[in-house]
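Here is how the chains run, residue by residue.
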Amino acid sequence: MTEESAHSGAIRRRTFLRIGAAGAAAVGLEAGFSLLTPALAERGLLSPDGVFGAVAQAWADAIYTEVFPTSPLVLSPFTDELPVPKAMAPTPQNVYSSWAKPPGPGTGQQSSLGNETHQLWPDKIPASLGGPLPDPLVYKIDVQVAAHRFTTSKVLPINAKGQPTVSFDAGKPVAAGTQRDLPLSTIYGFNGTFPGPRINAEYGKPALVRFTNQLDQNPLGLDRQDFGTPDPAALTHLHNAHTAPESDGNPHYSMTAGPRHEGFRVGQWVDQLYLNWPAGGDDREKQSFFWFHDHVMDHTGANVYKGKVGLYPIYDPKPLGTLGGTDVGDERQGLRLPGVRTDHSDGSFDVDYDIPLVFFDVRLDDGVTIHKDIHDTLGQFPDAHNPRTHPEWWGKSFYKHFPNHGFVGDIFTVNGTANPTLEVKRRKYRLRFLDASVARIYEFKLMASTQGPKSATSLGFEGDELEGQYRIPDAQQCMRFTQIASDGGLLPFPLTRDSFELWPAKRREFVVDFTRYQDGSPTTKGDVIYLTNIMKMPNGRMWTNSTRFGLDAQYKVPVLKIVIGDDAPDDSVMPTPTTPLRALPPLPANWQSMLDNRLIFEVERGSAGGEIEWLINGKRFDPANVLRSLKNPAGNTPVAAPKKDSFNLWEISNGGGGWVHPVHLHQEEHRVVMRNGRDVTQVPDPGHSDDISREDTVAQDPSERVIIYRGFRDFVGPYVAHCHNLNHEDHAMMFAWSIT
Ligand SMILES: [Cu+2]
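The rules we used
Residues numbered from 1 in each chain as written. Predicted model: local features only at pLDDT ≥ 70, side-chain atom pairs only at ≥ 80, totals over all residues. Heavy atoms only, no water. Pairing = 2+ DSSP bridges. Helix = DSSP H or I, 4+ residues; strand = E, 2+ residues; numbered from the N terminus. Phe/Tyr/Trp six-rings, centres within 6.5 Å; stacked < 30°, edge-to-face > 60°. Lys NZ or Arg CZ within 6 Å of the ring centre and 35° of its normal. Donors = N, O, S within 2.8 Å, 3.2 Å for Na, K, Ca; no water. Buried < 20%, exposed > 50% of the residue type's maximum accessible area, 1.4 Å probe, protein only.

### Here we look at the sheet that holds strand E3 (residues 154-156)
The strand order across the open sheet formed by 3 strands is E1-E3-E6, and the pairing between neighbours is antiparallel. Only two strands of the sheet have a single neighbouring strand rather than two, namely strand E1 (73-74) and strand E6 (180-181). In terms of strand pairing, E3 meets E6 through 2 bridges, oriented antiparallel. Bridge assignment links Lys154 to a residue of E6, and that residue is Asp181.

### Side note on the packing of aromatic side chains
One pass over the structure, following the stated rule, counts 44 aromatic pairs. Through a chain of ring-to-ring contacts, three or more aromatic side chains come together here, namely Phe68, Phe150, Phe194, Phe227, Tyr305, Phe360, Tyr399 and Phe407. Over the face of the ring belonging to Trp269 we find Arg210, whose NZ or CZ atom lies 3.5 Å from the ring centre.

### Digging into the sheet that holds strand E12 (residues 289-294)
In a beta sheet, neighbouring strands are held together by backbone hydrogen bonds and run either parallel or antiparallel to one another. Read from one edge to the other, the open sheet built from 4 strands follows the order E8-E13-E12-E10, with strand pairing classed as mixed. Both edges of this open sheet fall to strand E8 (201-202) and strand E10 (236-239), since each of them pairs with a single strand only. Here E12 runs beside strand E13 (residues 309-315); their pairing, made up of 5 bridges, is antiparallel. The partner of His293 across the bridge, within E13, is Val309.

### Some details on the coordination of the copper ion
Taken together, His661 (ND1), Cys723 (SG) and His728 (ND1) make up the full set of protein donors to the copper ion, lying 2.0 Å away. Donor residues for the copper ion, ordered by position in the chain, follow H-x61-C-x4-H. Taken together, the residues span a long stretch of sequence, with His661 in strand E34 (residues 661-665) and His728 in helix H9 (residues 726-730) at a distance of 67 residues. Given the relative accessible area of 1%, His728 is considered buried.

### A word on unusual backbone geometry
The amide bond that connects His239 to the next residue, Asn240, takes the cis arrangement and shows omega of 0°. Mapped onto the elements of the fold, Asn240 is located in the loop between E10 and helix H6 (245-248). Omega for the peptide link from Asn386 to Pro387 comes to 0°, which places this bond in the cis form. Of note, Pro387 is situated in the loop between strand E16 (354-362) and strand E17 (411-414). We note that Arg336 has phi near 55°; this positive angle belongs to a residue other than glycine. The topology assignment puts Arg336 in the loop between E13 and strand E14 (340-343). Among the residues examined, Arg336 registers a relative accessible area of 32% and is labelled partly exposed. The phi torsion at Gln469 lies on the positive side, around 65°, for a residue other than glycine.

Interpretation in functional terms is not warranted from these geometric data alone.
The following block contains the structure:
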């Protein structure tokens, strides 16, 4: 049986629903359609001509449920140590060269299917663009079913009013008021861990990762619950590396080439080649902190939430003269950013005082909240027998594929641990922030509190106000952040921040000096500082309160406890607001002349509802066709198929309705040139001070219009752009584009 025929019997649910909306008559013979039709007809959800049309909204309203479980209260917060992943070791050459199918540049050598070839092997990068580069270091990452512990603390089961409530042990009730240990949650993890491995990469040293889908293996017999890829396919995107489409993990590509499916199925592997080479060979395009995550169409949110998150800081050993200094993880050299590097004999290296912080909000099952989802009609998780409750899943991670407003958790984790503690030396640190949450946006501040954390329940809060579980009512800001990097790598100059927002998928890097407070007074051993979230975001729609939009002075949620430890040597230098870090790539002087013929993409919540409510230019994601721009001021509607080595302006506009969208564009970093009609190339928008940097994700407040300048260099082929609120992405807020 071929790959295609093996899967042709079941049309994917989303494809079905999309087709249904467009006119199901055209595909009435599809097997999946006939399978689903009776169930839908029985529920009165199908109009006589098979087109959902007007019933879609009613259907959606009937199926949405915004009832979420309240997670049990973590009773001893800030006792678990923050896990800091160590650098992963590459596979030795004598090992990978003995693999049955070793990696390489040959025809068909890119995946186990034998139908794809690396577009640009490192030795083929032209000298004019900084090549050739050496053969890649090889890493092997297996996508595995595993178990994960969010906390070692006892927990107290509580209800939405914050009162003690019953829990369940192997499905059997346990009396209210009983303190419990949390069961392990089932994850789909890179090498079975959450967060997954950390690859410390370097410009000039390509890396190749062989991702193997082992999700069929479940030696511990873990209950997979009702989320994650049902297939179970795997597809990984190194967000947002400069990568050829066959290694980029975009679903658009995987369906037309590669696996010709939404991802790689169990037993298959793909070699993703990360050249660690900047766009156009331009050192100013270098970045500093990638992450890799799942990107299976329709299930990215569920898969990321189930644990498919990995880290990929990238260092730069090259002295750049006037364009900026080296950033090699050694504070005695170049930019002298915090970092003490240890090189290992296997080719990997670790950097002390350089710490990634992955933020992820989770919700744990209370055993009494019904699992009821629009997806239940589609038979994806037959063993779950939804809609019903799952007392046997008490205390394990709970997910809803399709909430009306987006999914947010009520326990905030850092590097996979709820309410962790980091003991720091009295010196400077480099902190790399990543929002790996499905939908939550954070605003962080460094705060001190004399009274310490109080549970939100003890303060009388209930419902959504319990999100984050703890508060520090007396907290005051005590330190500032010196921002050195954003999604697109080092900034041209550092920014001093009292607080900053972190949107889904975005990275922000900071230097923090733990030797003194912002008033200049020294810290002392044992002092405690809380990294505190001050953005209240009760659901996935948007925040209700933040510094920019009406702070709630009572909402101060400690996320990470930082304890000042011993003195330590520190050869790093705090960059000042005039320290050049990395020059921006050139913006043509005549960029405004390109405005009239820009491409325009409007993201919006459509009126059709249901599975097809999240739209771009009025269309749901169509993997088979490149999207067309809305009519631009020049009167044209160009298709999103730029020529290789061209540059253009793209407008991303938020269609409104009181939603916010982090819109992520694969491939090259962009630079915001206009926000809401104003040129921000010299003076940034006051609400978006890092518009001065290069980024890969456009943060869009309600109804904002953002125009970005971006290039399309070095590779050809299909890419995607999409909202990184993963509930939106998974429900079709994505479009296909291509470099031709
Ligand atoms: Cu969105």
